[in-house]
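Chain and residue survey
Take a look at the letters that make up each chain.
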Amino acid sequence: MSTASVTRPSDQIREVKIERGYLKSCPASVLYSSGDTVVLCAASVEPSVPPWLEGKGKGWVTAEYNMLPGSTSPRKRRDRSKVDGRTTEIQRLIGRSLRSIIDLNALGEQMITVDCDVLQADGGTRTASITGGFIALADAVASIIPGSTIGNGPLLDSVAAISVGVIGDELKLDLDYELDSAADVDMNVIMTGSGRFVEIQGTGEEATFDDEQLAGLIRLAKKGIGELTTMQRTVLKQ
Ligand code: UDP
């Protein structure tokens, strides 16, 4: 879909656009675009927690992920009978990533669900969901605990994610669909704003990779996540 990768340097992320308060129907929502990938992240709050957490005084944060039929071509059929394996994996990843930076005890017995719906898919939909989902989560937390900010209230840090990959001899930051399809190795890296790793998913699909390439991929991912972190924090201050 994208033609941007033809000219985009290997160490640059796609253009990011963040529109906060996109929906009136929930306390926090973000339309997050990374190039041609567009995800709507909507955070809702409920005054209860799942049964296994009841009475513990702790809150919960969870996520759901979905690709809308028209988000890709050919259209992705809605499967109303079951959630497929990829969707399950991605929504659990988003949930774990968001929980990594929140103090659930400070949230009280409330549950925040961050729904990530992919409106347009051009690679990196899970990383966009995490980066945009964090902004929606921060706004949802502030709607419950006014004045809370990163480091002041339940949010201990920020979290963001980016993909990296190996194509031939080159290491590439932020794979769009075209790059993802050509990648020998692809990796999703999730890190906190203070530079700690939350999760790394890396696969040598077409080729194996060595220590040096791994170190290079991590370096590139750190650069990208540093930039995303700055954007998230700037937007949240507005
Ligand atoms: N994709 C698609 N249909 C699918 C799954 C993936 O069109 O059912 C495309 C979509 O552009 C997606 C890309 O393939 O962004 C890469 O998918 P992957 O599973 O690697 O996840 P992502 O990179 O989006 O997190």
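Residues numbered from 1 in each chain as written. Predicted model: local features only at pLDDT ≥ 70, side-chain atom pairs only at ≥ 80, totals over all residues. Heavy atoms only, no water.

1. Things to note about the sheet that holds strand β8 (residues 185-192)
Put simply, the rule reads: At least two bridges found by DSSP between two strands are what make those strands a pair. Helix and strand labels come from DSSP, where a helix needs a run of H or I of at least four residues and a strand needs a run of E of at least two; each type is numbered from the N terminus. With axes taken as lines fitted to C-alpha atoms, and helix axes fitted only over the stretch in contact, angles between N-to-C directions fall between 0 and 180 degrees. Note on contacts: a residue pair qualifies if any of its non-hydrogen atoms lie within 4.5 Å across the two residues.
With antiparallel pairing, the 4 strands of this open sheet are ordered in space as β7-β6-β8-β9. Each end of this open sheet is capped by a strand with a single partner; those strands are β7 (170-173) and β9 (197-204). Direction aside, neighbouring strands of the sheet carry axes that sit 15 degrees apart on average. Inspection of the sheet shows β8 paired to β9 by 7 bridges, in the antiparallel sense. Directly across from methionine 187, in β9, lies its bridge partner glycine 202. Here helix α1 (residues 85-99) sits on the sheet and contacts β6 (159-167), β8 and β9; the angle it forms with β9, its principal contact strand, is near 150 degrees. In the packing of helix α3 (residues 125-144) onto the sheet, contacts are made with β6, β8 and β9, and the angle to β6 comes to roughly 160 degrees.

2. Some details on the site of the ligand
Rules: Residue proximity to a molecule or strand is established when one non-hydrogen atom of the residue lies within 4 Å of it. Within 3.5 Å is the distance limit for a polar contact, defined as a pair of N or O atoms, with the added protein rule that one can donate a hydrogen and the other accept it, and that residues adjacent in sequence qualify only through two side-chain atoms. Basically, the charged four are Asp, Glu, Lys and Arg, the nonpolar ten are Ala, Val, Leu, Ile, Met, Phe, Trp, Tyr, Cys and Pro, and anything else, Gly included, counts as polar.
With respect to spatial proximity, the complete set of residues near the ligand consists of Met67, Thr72, Lys76, Arg86, Ala121, Asp122, Gly123, Gly124, Thr125, Arg126, Tyr177 and Asp180. Between the ligand and the protein, one listed contact pairs an oxygen atom with a backbone N or O atom of glycine 123 at 2.8 Å. In this structure, threonine 125 approaches the ligand through a side-chain N or O atom, which is 2.5 Å from an oxygen atom. Listed by contribution, the elements that provide at least two residues to the shell around the ligand are α3 and α4 (177-182). Considering only residue class, the shell around the ligand consists of 3 nonpolar, 4 polar and 5 charged.

3. Some words on α3
Quick reminder of the rule: In a helix, the anticipated span is given by 1.5 Å times the number of residues less one. Accessibility here uses a 1.4 Å probe with only protein chains present; expressed as a share of the type maximum, an area under 20% marks a residue as buried, one over 50% as exposed, and anything in between as partly exposed.
Its 20 residues place the ends of α3 28 Å apart at the C-alpha level, agreeing with the 28 Å of an ideal helix rising 1.5 Å per residue. Along α3, 17 of the 20 residues are buried, which leaves the element largely enclosed by surrounding structure.

4. Focus on the UniProt feature "domain: Exoribonuclease phosphorolytic" (unreviewed entry) in the protein
Note the following rule: UniProt positions are given in the numbering used here, feature names are shortened, and annotations may be inferred rather than shown by experiment.
Mapped onto the present numbering, the UniProt feature "domain: Exoribonuclease phosphorolytic" (unreviewed entry) falls at residues 12-140 and 158-224. Strand forms 31% of residues 12-140 and helix 27%; the C-alpha atoms that close the span are 30 Å apart. Across residues 158-224 one finds 30% helix and 43% strand; the C-alpha atoms that close the span lie 14 Å apart.

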